[in-house]
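Examination of the molecular architecture
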Amino acid sequence: MANGLAKPSASELAEGMRTALIHARWDPYGDPAVAVDVLRALVEGVCGPVDSVAAGHVIFDSQAMGTVYLFCASMNKALDRHHPAQPPAHRGLPNAEHLALVQPLLPGFHRRQQEVLRLLDQELPPRN
């Protein structure tokens, strides 16, 4: 958003989230490094536009958008090997070791991605 003071519309934010969710195509049983790259882009696509208190209010006034945002934020905690929420023994692990820890989580992330997209579509149907 160009102006951090302007309150974005719910439909504008929902469309951005929907686009990020739809474009994040990955195989939960494929290469975990590819999945993590796609999911990091998903996190940025969903959480990045929430750059103001006004946007946060719009997001959390909607059950669906709040759920999508929290899904991406919590997924980011698992994907980011340097995230403060990582157990101390896991922070800063070499990438291969970190991917081995993330890989079992991928099927659940994939299922949840589809669930939050359906929830978003139900509450805030796509514009045609």
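The structure displayed is predicted, hence computed values, not measured ones. (Residues numbered from 1 in each chain as written. Predicted model: local features only at pLDDT ≥ 70, side-chain atom pairs only at ≥ 80, totals over all residues. Heavy atoms only, no water.)

If you walk through the whole model with that rule in mind, you get 1 aromatic pair. Taken together, a centroid distance of 5.6 Å and an interplanar angle of 80 degrees make the contact between F60 and Y69 edge-to-face. Accessibility expressed as a relative area gives 44% for F60, which makes it partly exposed. (Phe/Tyr/Trp six-rings, centres within 6.5 Å; stacked < 30°, edge-to-face > 60°. Buried < 20%, exposed > 50% of the residue type's maximum accessible area, 1.4 Å probe, protein only.)

For the protein chain, the average pLDDT comes to 92, and 96% of its residues sit at 70 or higher. Mean pLDDT across the elements of the protein chain bottoms out in helix α3 (residues 53-60) (93) and peaks in helix α6 (residues 106-123) (98). (pLDDT = per-residue confidence, 0-100. Helix = DSSP H or I, 4+ residues; strand = E, 2+ residues; numbered from the N terminus.)

In the contact formed by α3 and helix α4 (residues 63-79), the axes pass within 6 Å of each other and the chain directions differ by 110 degrees. On the basis of their axis angle, the class for α3 and α4 is roughly perpendicular. Contact residues: α3 offers V58, I59 and F60, while α4 offers M65, G66, Y69 and L70. When its residues are assigned to classes, the contact of α3 with α4 shows 6 nonpolar, 1 polar and no charged. (Axes fitted to C-alpha atoms, helices over the stretch in contact; angles between N-to-C directions. Parallel < 35°, antiparallel > 145°, perpendicular 65-115°, else oblique. Contact = heavy atoms within 4.5 Å. Nonpolar A, V, L, I, M, F, W, Y, C, P; charged D, E, K, R; others polar.)

Bringing the nonpolar core into the picture now. Residues L42, M75 and F109 are the most contacted members of the largest nonpolar core, which totals 34 residues. Elements that contribute at least two residues to this core include exactly α1 (10-23), α2 (32-47), α3, α4, α5 (95-102) and α6. Examining the composition of this core, we find that 9 residues originate from one element, α4, more than from any other. (Core = buried A, V, L, I, M, F, W, Y, C linked by side-chain atoms within 4.5 Å.)

Considered for burial, the residues of α3 that qualify are A55, G56, V58 and I59. Projected down its long axis, α3 carries its buried residues within an arc of 160 degrees, all on one side. (Arc of directions from axis to C-beta.)

Our focus in this paragraph is the pattern of salt bridges. Pairs can form between side chains of opposite charge once their charged atoms are near each other. Going through the model one piece at a time under the given rule, you end up with 3 salt bridges. In this structure, R18 and E15 form a salt bridge, with 2.5 Å as the shortest nitrogen-oxygen distance. Here E15 and R18 lie together in helix α1, a separation of 3 residues that amounts to about one turn. Each member of the pair, R18 as well as E15, is classed as buried. Given a relative accessible area of 4%, R18 falls into the buried group. Each of the salt bridges in this network shares a partner with another, and the network as a whole consists of E15, R18 and D121. (Salt bridge = Lys/Arg side-chain N within 4 Å of Asp/Glu carboxyl O.)

For any two helices packed against each other, the geometry is given by the interaxial angle and the distance between the axes. Between α1 and α6, the shortest axis-to-axis distance is 10 Å and the interhelical angle comes to 150 degrees. Regarding the angle of α1 to α6, the classification is roughly antiparallel. The interaxial crossing formed by α1 with α6 has left-handed handedness. Only Q113, V116, L117, L120 and D121 of α6 make contact with α1, whose side of the interface consists of A14, M17, R18, L21 and I22. (Left-handed = near helix turned anticlockwise from the far one by under 90°.)

Moving on, we get to the environment of P104. Mapped onto the fold, P104 is located in the loop between α5 and α6. Overall, P104 belongs to the exposed group, its relative accessible area being 61%. In the structure, P104 is positioned 72 residues away from P32 in sequence and 9.4 Å away in space, judged by C-alpha atoms.

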